[in-house]
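Here's the letter readout for the chains.
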Amino acid sequence: MTVTLTTAAVHTQEAGNPDAPLLLCLHGIGSSSAAFAPQLAGLSDQVRVVAWDAPGYAASADPGRAPGLDGYADTAAALIRDRGGRAHVLGVSWGGVIALRLAARHPDLVESLIVADSSRGSGTDPDKAAAMRARAAQLAAEGPDAFAAARGPRLVSADAPAELVERVVATMAASIRTPGYGYAADAMAEADLTDDLPAITAPALVLCGEQDTVTGPKESQAIAGGLTKSVYVTLSGAGHLSNQERPEAFNAWVRAHLHVVARTPA
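Residues numbered from 1 in each chain as written. Predicted model: local features only at pLDDT ≥ 70, side-chain atom pairs only at ≥ 80, totals over all residues. Heavy atoms only, no water.

If you check an unreviewed UniProt entry, the protein appears there as Alpha/beta hydrolase from Streptomyces sp. 900116325.

Next up on the list: the packing of aromatic side chains. The geometry of two aromatic rings is summed up by the distance between their centres and the angle between their planes. Following the criterion strictly, the structure yields three aromatic pairs and no others. An aromatic cluster is built from Y57, Y72 and W94, whose rings are joined through pairwise contacts. (Phe/Tyr/Trp six-rings, centres within 6.5 Å; stacked < 30°, edge-to-face > 60°.)

Between its first and last C-alpha, helix α2 (residues 68-82) extends 22 Å over 15 residues, near the 21 Å set by a 1.5 Å rise per residue. Judged by how many residues are buried, α2 sits mostly within the fold: twelve of 15 residues are covered. Buried residues of α2: L69, D70, G71, Y72, A73, D74, T75, A76, A77, A78, L79 and I80, and no others. Those residues of α2 hidden inside the fold are in contact with β1 (12-15), β2 (22-26), β3 (48-52), β4 (87-92), α3 (94-105) and α7 (180-190). In the stretch just after α2, G84 is the one whose phi turns positive, near 125 degrees. (Helix = DSSP H or I, 4+ residues; strand = E, 2+ residues; numbered from the N terminus. Expected span 1.5 Å × (residues − 1). Buried < 20%, exposed > 50% of the residue type's maximum accessible area, 1.4 Å probe, protein only. Contact = heavy atoms within 4.5 Å.)

A few words now on the sheet that holds β2. Strand pairing in a sheet takes place through backbone hydrogen bonds and is either antiparallel or parallel in direction. Overall, mixed pairing links the seven strands, which are arranged β1-β3-β2-β4-β5-β6-β7 in an open sheet. Both outer strands of the open sheet, β1 and β7 (230-235), are each paired with one neighbouring strand and no more. On average, each strand axis in the sheet is tilted by 15 degrees relative to the strand beside it, whichever way the strands run. The pairing of β2 with β4 spans four bridges and is classified as parallel. By the bridge assignment, C25 is partnered in β4 with L90. (Pairing = 2+ DSSP bridges. Axes fitted to C-alpha atoms, helices over the stretch in contact; angles between N-to-C directions.)

A separate point is the layout of surface pockets. Considering only enclosed or pocket space, the largest pocket measures out at about 620 Å³ in volume. Forming the walls of the largest pocket are 37 residues, and the residues nearest its centre are I29, M132, R135, R151 and V214. Among the secondary structure elements, those contributing two or more residues to the lining of the largest pocket are α4 (126-142), α5 (144-151), α6 (162-175), α7 and α9 (242-245). At six residues, α4 tops the list of elements feeding residues into the lining of the largest pocket. A volume near 170 Å³ is recorded for the second largest pocket. In terms of lining residues, the second largest pocket is bounded by P203, A204, L205, K229, S230, V231, W253, A256, H257, V260 and V261. Counted by class, the lining of the second largest pocket contains eight nonpolar, two polar and one charged residues. (1 Å grid on protein atoms, 1.4 Å probe; cavity = no way out; pocket = protein on both sides within 12 Å on 5 of 7 lines; lining within 4 Å. Points joined across faces, edges and corners; volume = space filled by probe spheres on them. Nonpolar A, V, L, I, M, F, W, Y, C, P; charged D, E, K, R; others polar.)

Quick look at α6 now. Over its 14 residues, α6 runs 20 Å from end to end, which matches the ideal 20 Å to within 8%, given 1.5 Å per residue. For α6, the complete set of buried residues consists of L164, V168, V169, T171, M172, A173 and S175. Taken together, the buried residues of α6 touch α5 and α9.

As structure tokens, this is what we get:
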């Protein structure tokens, strides 16, 4: 059984004209809506940007039980329905996995996809799945501050400015907690979307930081290659959080994508 939270239990940050095309932003497993500050500021002149705190993260309520990947996707679908019925969906890392599953389960709601520094799920590899499941115990043992201090710097390139590293670590520490992080890790560990990709018909922009060592370009290329309509872009000078490390270039590609698929101004 999947768990879908009521949308009142899901906190969002929003910017832009409510009548503009909707861009729903889904963050990574160690983050929150704060990760999309560059998109809320940089894209809201063209689209209505809505960034969620996933269930069990930051200001969103804790689910009563594990939602599973389908539960997260269905909750995102409910947010889209509440805001008019269709959306362009931008997912980073774990958020990209949710976005892909959302497009597979609710094709009528997804106009297009932007999938950044993501994967088909950790379930594609037993070792990756085991490591993902172990994260919840690490968080419980170390606490969010120490956990974020150890993991956060790995999410950006070696040349990332100290201010960005500090912001990534602070966002993670403020966003993650049990049981929500464990629920997300379990969903990621179980996910293998390889067979879902060919059935997804929404046009997709797949981006990956050139220096992403977390999911990596090969996995993003596997996503792009598995989809029926996709464009693949490598962002130079960026690690795993390319939307934060190279926001101007990232936003420019999103604008170009939306111009093609939604006829928004370039």
